[in-house]
Amino acid sequence: QVQLVESGGGLVQAGGSLRLSCAASGRTFVGYRMGWFRQAPGKEREFVAGVRWSGDSTYYADSVKGRFTISRDNAKKTMYLQMNNLKPEDTAVYYCAADHRVRFLMVESPDYDYWGQGTQVTVSS
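Quick notes on the rules
Residues numbered from 1 in each chain as written. Predicted model: local features only at pLDDT ≥ 70, side-chain atom pairs only at ≥ 80, totals over all residues. Heavy atoms only, no water. Core = buried A, V, L, I, M, F, W, Y, C linked by side-chain atoms within 4.5 Å. Buried < 20%, exposed > 50% of the residue type's maximum accessible area, 1.4 Å probe, protein only. Helix = DSSP H or I, 4+ residues; strand = E, 2+ residues; numbered from the N terminus. Contact = heavy atoms within 4.5 Å. Pairing = 2+ DSSP bridges. Axes fitted to C-alpha atoms, helices over the stretch in contact; angles between N-to-C directions.

Asker: Go over the nonpolar core, please, and point to the residues and values.
Answerer: One broad rule of soluble globular proteins: the nonpolar side chains tend to lie buried together. Counting 34 residues, the largest nonpolar core has Trp36, Leu81, Met83 and Tyr94 as the members making the most contacts within it. If you list the elements that add at least two residues to this core, you get strand E3 (18-25), strand E4 (33-39), strand E5 (46-52), strand E7 (68-73), strand E8 (78-83), strand E9 (92-99) and strand E11 (119-124). With five residues, E9 is the largest single contributor of residues to this core. Setting aside residues up to four positions removed in sequence, methionine 83 forms contacts with Gly16, Ser17, Leu18, Leu20, Arg67, Phe68, Tyr94 and Val121.

Asker: Describe the environment of aspartate 56, naming the residues involved and giving the relevant values.
Answerer: With respect to the helices and strands, the residue aspartate 56 is situated in the loop between E5 and strand E6 (58-60). Linking aspartate 56 and glutamine 82, residues 26 residues apart in sequence, is a C-alpha distance of 16 Å.

Asker: Tell me about the sheet that holds E3, and name the residues and values.
Answerer: The strand order across the open sheet built from four strands is E1-E3-E8-E7, with neighbouring strands paired in antiparallel fashion. Strand pairing shows two members of the sheet lacking a second neighbour, strand E1 (3-7) and E7, which therefore form its edges. The average angle at which neighbouring strand axes cross in this sheet is 15°, direction not considered.

Next up, the structure:
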């Protein structure tokens, strides 16, 4: 079955940058819809950014727009999230998600087929 493995999380100072990666395994995997979500302590999981197969359609939460960039490398079956100008409020566990089929859902819809284990991002002030 499909597995998603995240990497790149860590501790950074406010204003710093991190690049998260999400690698998908599985011979039949096709990430028609992929996205990043995050969950901070005591808060609900929220949508961060999403991208579709072509890479031309990208979507961002208002809180990260202009600072984060989502991209994907289909040959490597890997999705990335470049996070610049990080703020303390960005501190959360970040999860990647993917569908391997067309479901006619928006990227911000949380009912994805597959989820990663999450990676911690901590931004100090």
